[in-house]
Amino acid sequence: MVRHSHRNLLIGGTVLVLLAACGAQPEQAAPTPTTVAVATVETGPVQFSDSLPGRVVAFRTAEIRAQVGGIVQRKLFTEGAVVRAGQPLFQINAAPFRAEADTASAALQRAVAVRDRARLQVARLEPLLAADAVSRQTYDNAAAELAQAQADVAASQAALARRRLDVGFATVTAPISGRIGASTITEGALVGTADAAALATIHQIDRVYVDVRQPASRLEALRGAGQGSSAVDILDSEGKPTGMTGRMLFSDLSVDPTTGDVTVRVLVDNAAQRLLPGMFVRARLPRGAEQVLPRIPQQAVVRNGAEASVMVLGADGKAVSRPVQLGDVIEGRYVVLSGLKAGERVIVEGQDRVQPNQPVVAKPWKAPAPAASSAPAT
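Notes on the structure in this doc start here. (Residues numbered from 1 in each chain as written. Predicted model: local features only at pLDDT ≥ 70, side-chain atom pairs only at ≥ 80, totals over all residues. Heavy atoms only, no water.)

One finds Ile64, Leu89, Phe90, Ile92 and Ile202 to be the most contacted residues of the largest nonpolar core, which totals 22 residues. Mapped onto this core, the elements with two or more residues apiece are β3 (49–64), β6 (88–92) and β10 (200–215). When residues of this core are assigned to their parent elements, the largest contribution, three residues, is made by β6. Dropping the residues within four chain positions of it, Phe90 is found in contact with Ile64, Val72, Arg74, Lys75, Leu76, Phe77, Ala170, Thr171, Val172, Ser183, Ile185 and Leu199. (Core = buried A, V, L, I, M, F, W, Y, C linked by side-chain atoms within 4.5 Å. Buried < 20%, exposed > 50% of the residue type's maximum accessible area, 1.4 Å probe, protein only. Helix = DSSP H or I, 4+ residues; strand = E, 2+ residues; numbered from the N terminus. Contact = heavy atoms within 4.5 Å.)

Structure below.
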């Protein structure tokens, strides 16, 4: 009996020891905080813009046309060269016009002689009229002949001036300075004032226009940016910066009914003549007035479909997810329209390893070297 009691006690003690061993749990170590890279939100001036296609138009264009008809004797320029205003371009045979000028000069001399004779006649009759030696009718006839002779002189002078103009027009000169294109005629060609085709065309391209088409719905924002005050960056046809800028002159007063667009004209200095008439380029037009807004690195943004958010590091060292509204990308950074303010810290690297309200170890984020160029989103 005693032996059974000891045996039961031994078994019970063993069970208690096993139960105690099963119930004991080892203490769990606290999780190690995640190390993340953070950047401080900074604000700065932001100018939203649209990159739109445009076409280059010459600042001035002059079609060279003959003002008198005749045979072209010489072409006095090199096609594609720069010409100056007043420079001779074509020489039309001027011999017929000189002959006509000589005829007009002789007619003028004859008219002057008749006038002088009529003037002397009136001078002789004046004292005779005072002495009643001639009739009043005789004097009036002489005075009328003098007036007619004076009119003939004026008409002959005008005719001579016109013939001399024709002699001058036989030398076709450049009306403006610029680069001249190909000639449409050669020496020996007969030209006239009614010809449909121009002899050549001059384009002044030291300054050029860029005509850009923009939706009429953005016209108010464009006016808000201030025409003539905001710089317009000129890009090449592939959207790469050319280093050239212009300024808006005006927008068209009418809307294209088929496209709903308006034309905006930009004036660009083109001293190196890199832009040629007819080229297609892109122009970065300002959209609205300049604003001061926060900007954050692109890597800091977490997207879930159409929604965007960032991990903000609070004063307690814990990360909190916050939705934000984003604008354009400028110089590799998102412009934040709402959701952040200056001085807050956002996680740029490591946010994928952080849970909300989890403490983290923050280190400053180092921005990569800037790219050669960056264009805003349109």
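What follows picks up the thread again.
On to the sheet that holds strand β7 (residues 171–173), then. The strand order β7-β6-β4-β9 describes an open sheet built from four strands, whose pairing is antiparallel. On the outer flanks of this sheet lie β7 and β9 (190–191), each paired with one strand and no other. Relative to β7, β6 runs antiparallel, the two being bridged by three bridges. Looking across to β7, one finds that Phe90 is bridged to Val172. (Pairing = 2+ DSSP bridges.)

What follows is about the pairing of strand β1 (residues 34–40). Within β1, five of the seven residues are buried, which leaves the element mostly enclosed by the surrounding structure. Pairing geometry for β1 and strand β21 (residues 360–364), over five bridges, is parallel. Bridge pairing in β21 places Val38 opposite Pro364. Bridge count between β1 and strand β20 (residues 345–349): four bridges; the pairing is antiparallel.

So yeah, pure geometry; function would need other evidence.
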